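# Notes for the structure review
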Amino acid sequence: MSSALTDLFPLPIVQAPMAGGVSVPQLAAAVSEAGGLGFLAAGYKTADGMYQEIKQLRGLTGRPFGVNVFMPQPEYAESGAVEVYAHQLAGEAAWYETELGDPDSGRDDGYEAKLAVLLDNPVAAVSFHFGVPAPEVLDSLRRAGTVTLVTATTAEEALAAERAGADAVIAQGVEAGGHQGTHRDVAENDGSGIGLLSLVAQVRETVRIPVVAAGGIMRGGQIAAVLAAGASAAQLGTAFLATPESGAAALHKQALTDPLFTRTALTRAFSGRPARGLVNRFMREHGPYAPAAYPEVHHLTSPLRKAAARSGDAQGMALWAGQGHRMARELPAGQLVETLAQELAAASTALSTKGERVGEGDGR
């Protein structure tokens, strides 16, 4: 198994790239400086905006870091469904005193321009969400010295990533907060996600490239579990959401442990693609009717989400969070990495000791 990925960071801890202003340079720098692998999220940014954040991050740390890129999405044929959803959201627009966004604001998220920047100014790692890049794209990045990763939610998707030439695969369990990185958005598959430990085992038996486990991981003991299952590292998002360095809104950070928000669910309400967040009023009222139309619905609801945040209304925000959100700790990001590493070491020692005792009990 290639060590190109794990050679980049001494601790098997990857900070998930959370789009929407959460994964800022300060967060990525703190994680990388502590021995993990920090990530910037290029999603929803312009190519120049991504480049400026890369420059800022390079001024904060000399350690390796990564950048996550969204894959362009296929055309959505049923525009009528988006129009119907827009009519349903008219009351929200009136309530927040804002206009709905233009659903036709763009589908490729500046993909080609971002690739050009990443080839001209290579970073240590680039990961892809919502699909698999063309083999020539992965090859070009590799020749530029960049390690490539592709998110997969099934063993079949992981195999597609390996065949295209990815250096590693991110196995994203259904527990993960934010958008599921499915390669094809098929509404009929809603609710059929695979739990992380089962997914890691399936992917490990399907591909030979390294596996990074993602989904609901909040403690070092869980990192030990996925490593024991065959992963080379663990990717954590919600765990870093509450840190001071995170760019998440204060309301979002507070909601993670607020007793008012008791559970998470996958919803299309905010973006048109399945994404896990804290269940709030907007999700309950609009989730059942949101069409499978990404990024049209994302563009449509963007002004609503921003207006809700400005007015301090968490019930109208997209409160992305994984299933382990109640375990969030308000520690500085670097200290959180150190704490996770200590917990991982303790869990690994306990597993080793327990294994020795079992062996003695078997007479070995």
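Scroll up for the structure.
Think of each chain on its own: its residues are numbered from 1, step by step along the sequence as written. Only residues with pLDDT of 70 or above have their local features reported here, since the model is predicted, and side-chain atom pairs are shown and tallied only from 80 upward, although totals for entire chains, interfaces and linings are computed over all residues. Only hydrogens and water are removed before side-chain values are computed, so all heavy atoms of the structure are retained for them.

## Remarks on the sheet that holds strand β3 (residues 65-70)
- We treat two strands as partners when DSSP finds at least two bridges between them. Strands are runs of DSSP state E lasting at least 2 residues, helices are runs of H or I lasting at least 4, and numbering of each runs from the N terminus. If you walk across this open sheet you meet the 8 strands as β1-β9-β8-β6-β5-β4-β3-β2, and the pairing is parallel. Bordering the open sheet on either side are β1 (13-15) and β2 (38-41), each of which pairs with just one other strand. Recorded for the sheet is a direction-independent mean angle of 25 degrees between the axes of neighbouring strands.
- For β2 and β3, the ladder comprises 4 bridges, and the chain directions are parallel. Among the inter-strand pairings, G38 is bridged to a residue of β3, identified as F65.
- Here, two residues are considered to be in contact whenever any of their heavy atoms come within 4.5 Å of each other. Where helices are involved, their axes are fitted lines through C-alpha atoms of the stretch in contact, as for all axes, and angles between N-to-C directions lie from 0 to 180°. With respect to the sheet, helix α8 (residues 196-204) is in contact with β5 (147-152), β6 (168-172) and β8 (211-214), its orientation differing from that of β6 by roughly 150 degrees.

## Here's the deal with the pattern of salt bridges
- By salt bridge we mean one thing: a side-chain nitrogen of Lys or Arg within 4 Å of a carboxyl oxygen of Asp or Glu. On inspection of all chains with the given rule, the structure shows 11 salt bridges.
- With its nearest N and O atoms 2.7 Å apart, the salt bridge here joins E92 to R281. In this pair, E92 is assigned in helix α4 (residues 90-95) and R281 in helix α12 (residues 281-286), connecting sequence segments 189 residues apart.
- We call a residue buried when its accessible area falls under 20% of the maximum for its residue type, exposed when it is over 50%, and partly exposed in between, using a 1.4 Å probe and counting protein chains only. By relative accessible area, E92 is classed as buried at 6%.
- Across the pair K114 and D109 runs a salt bridge whose closest N-O atoms are separated by 2.9 Å.
- One salt-bridge network, held together by shared partners, links D139, R142, R143 and D167.

## A closer look at the sheet that holds strand β11 (residues 275-278)
- Spatially, β7-β11-β10 is the arrangement adopted by the 3 strands of the open sheet, whose pairing is antiparallel. Each edge of the open sheet carries a strand with a single partner, namely β7 (178-179) and β10 (264-267).

## Digging into the environment of G131
- If you trace the backbone, G131 turns up in the loop between β4 (125-129) and α6 (135-143).
- When the C-alpha atoms of G131 and T151 are compared, they prove to be 7.5 Å apart, with 20 residues separating the residues in sequence.
- Apart from the residues within four sequence positions on either side, G131 is in contact with M71, V150, T182 and H183.

## Quick look at the packing of helix α2 (residues 47-58) against helix α5 (residues 111-120)
- Following both chains from N to C, one finds α2 and α5 inclined at 30 degrees, their axes separated by 9 Å at the closest point. When the interaxial angle is binned, α2 and α5 end up roughly parallel. You can see that α2 and α5 cross each other, and the crossing is right-handed. Note on element contacts: α5 touches α2 through A113, K114, V117 and L118, opposite A47, M50, Y51 and I54.
- In the scheme used here, Gly and all other residues not listed as nonpolar or charged are polar, with Ala, Val, Leu, Ile, Met, Phe, Trp, Tyr, Cys and Pro taken as nonpolar and Asp, Glu, Lys and Arg as charged. Grouping the amino acids of the contact of α2 with α5 by side-chain chemistry returns 7 nonpolar, no polar and 1 charged. Orientation labels follow simple angle bins: below 35 degrees gives roughly parallel, above 145 gives roughly antiparallel, 65 to 115 gives roughly perpendicular, and whatever is left gives oblique. Note on convention: near helix rotated counterclockwise from far helix by under a right angle means a left-handed crossing. Clockwise means right-handed.

## With respect to the packing of aromatic side chains
- Ring pairs are drawn from Phe, Tyr and Trp, using the six-membered ring of Trp, whenever the two centres fall within 6.5 Å, and their geometry is named by plane angle: stacked under 30 degrees, edge-to-face over 60, tilted for the rest. If you walk through the whole model with that rule in mind, you get 5 aromatic pairs.
- Taking 4.7 Å as the distance between ring centres and 20 degrees as the angle between the ring planes, the aromatic pair formed by F270 and F282 counts as stacked. Note that F270 is positioned in the loop between β10 and β11 and F282 in helix α12, a separation of 12 residues in sequence. By the burial criterion, F270 is buried, and F282 matches it.

## Considerations on the environment of Q52
- Relative to the elements of secondary structure, Q52 occurs in helix α2.
- Sequence spacing of Q52 and P25 is 27 residues, and the spatial spacing of their C-alpha atoms is 9.9 Å.

## Describing the side chain of T61
- Its location among the elements puts T61 in the loop between α2 and β3.
- Any N or O atom pair separated by 3.5 Å or less is treated as a polar contact, with the protein-specific requirement of one donor-capable and one acceptor-capable atom, and with residues adjacent in sequence counted only for side-chain atom pairs. Engagement of the side chain of T61 in a polar contact is seen with the side chain of E33, the distance being 2.5 Å.

## Things to note about unusual backbone geometry
- In the segment running from Y294 into P295, the intervening peptide bond is cis, with an omega of 10 degrees.
- The residue P295 is located in the loop between α12 and α13 (296-310) in this model.
- A positive phi angle, close to 70 degrees, is found at Y44, a residue other than glycine.
- Structurally, Y44 is set in the loop between β2 and α2.
- Using a relative accessible area of 30% as the deciding quantity, one classes Y44 as partly exposed.
- The phi dihedral of F130 falls on the positive side, at around 75 degrees, and the residue is not glycine.
- Relative accessible area serves as the criterion here: at 2%, F130 is assigned to the buried category.

## Structural notes on the nonpolar core
- Side-chain atoms within 4.5 Å link the members of a nonpolar core, which is a set of buried Ala, Val, Leu, Ile, Met, Phe, Trp, Tyr and Cys residues. Counting 69 residues, the largest nonpolar core has Y85, V169, V203, I223, L236 and F240 as the members making the most contacts within it.
- Discounting residues that sit within four places of it in the chain, V169 has contacts with V150, A152, A158, V203, V207, I209, P210, V211 and V212.
- In terms of nonpolar packing, the next biggest core, distinct from the first, is built from 29 residues, A29, V67, Y111 and L141 among them.

## Some details on the environment of A314
- Along the chain, A314 falls in the loop between α13 and α14 (333-361).
- A residue is classified by how much of its surface remains accessible, and A314, at 13% relative accessible area, is buried.
- Each C-alpha atom, one on A314 and one on A249, is 9.9 Å from the other, the two residues being 65 residues apart in sequence.
- Residues within four places of A314 in sequence aside, it is in contact with L251, F261, N280 and L319.

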